[in-house]
Amino acid sequence: MLQYGDGQDSCDVYGAREAVVNKVGNTYYLFYDGAGKDGWKACLATSTDLKNWNKKGAVLDLGDSTRMDAKSASSPWVIKERDTWHMFYLGTPNATAAPDRVPGFPYLTMKAKAPSLGGPWTKQYDVQPFTTKPNTFYSLTASPGFIVRNNNEFLQFFSGSAQDGKVVKRTVGIARTKNLNGSWDILASPVVPLDEQIENSSLYYDKGQKTWYLFTNHIGINEKGNEFTDAIWVYWAKDLYHWQKENKAIVLDKQNCNWSKGAIGMPTVIQTGNKLALLYDAAPGESISHMKRSIGLAWIPLPIKMEN
């Protein structure tokens, strides 16, 4: 759907990942991680049909060497309150060597704002939404995720991870706030246990079924012991605060993706008519590399039905 390599100023010359889509009027706004010549940054593309995209280039710059986003300013999730769009993006001071410059731990949640989805985006270094905490499920990473308004507060389904021996285990947690320019409180327990090995999630609410669906990325390990994003899963629940690990299904993996049989990355969903559009990143063929990924599109008929 969106091929890496031809973004403005070489912003996605090495890959396009982690799609996040929003719609205003008749226009879809797609934020994605562009692996560019100086690092991974949040890039923007627009479309009216989810198939043909106009790339706008990077919307965030890397911070200077003193900032926690010196090596990556990426994976942004946004929400509007009154006349302001609030962005929560992933920042880190660490990355692998050039040219890949894959972001390294810690993954942190940082803040920016804009008058419109198209920007310009202004970083808010004085705002620290939440961060990693020792001896918790988010001791290694606490990176941003889908934000939903719930009664008089906001809930953010963020990605957390912790070291377990030689293994990094991942899950999704819930942070809550009433002030998007303030700090967030994190619930002590994650959505599902760390053993589920999930990260990067997008929510959809079915009003008819009164059910929440959490689309998320599963991390697998191949025969050689290499970790990679191997599938998109979905969990379902009636209550935003209470999820069961048993209530899950596989949405997309190498069995039903027709162009990628290796790495299949972060999902985001948005309803269009009587279908749910699922955007994801993937590497072509059997590659499990972080690099040279592009953005794919899949469709899920509504209402969602589970199959054995």
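The rules behind each value
Residues numbered from 1 in each chain as written. Predicted model: local features only at pLDDT ≥ 70, side-chain atom pairs only at ≥ 80, totals over all residues. Heavy atoms only, no water. Pairing = 2+ DSSP bridges. Helix = DSSP H or I, 4+ residues; strand = E, 2+ residues; numbered from the N terminus. Axes fitted to C-alpha atoms, helices over the stretch in contact; angles between N-to-C directions. Salt bridge = Lys/Arg side-chain N within 4 Å of Asp/Glu carboxyl O. Buried < 20%, exposed > 50% of the residue type's maximum accessible area, 1.4 Å probe, protein only.

Q: Kindly report on the sheet that holds strand 13 (residues 198-206), identifying the contributing residues and their values.
A: Across the sheet, 4 strands lie side by side as 13-14-15-16; this open sheet has antiparallel pairing. Where the open sheet ends on each side, the last strands, each with one partner, are strand 13 and strand 16 (248-252). Direction aside, neighbouring strands of the sheet carry axes that sit 30 degrees apart on average. Pairing of strand 13 with strand 14 (residues 211-221), which is carried by 8 bridges, proceeds in the antiparallel orientation. Paired with aspartate 206 across the strands is threonine 211, a residue of strand 14.

Q: Could you give an account of the pattern of salt bridges, naming the residues involved and the relevant values?
A: Here the structure, examined in full by the defined rule, presents 14 salt bridges. Notably, a salt bridge pairs lysine 41 with aspartate 38, separated by 3.5 Å at the nearest N-O pair. When its relative accessible area of 12% is taken as the criterion, lysine 41 is described as buried. When its relative accessible area of 37% is taken as the criterion, aspartate 38 is described as partly exposed.

Q: Explain the sheet that holds strand 19 (residues 294-301) to me, using residue names and the numbers behind them.
A: What the 3 strands build is an open sheet, ordered 17-18-19; its pairing is antiparallel. The sheet is open, and its two edges are formed by strand 17 (268-272) and strand 19, each paired on a single side. Going from strand to strand, the sheet's axes swing by 25 degrees on average, the running direction of each strand aside.

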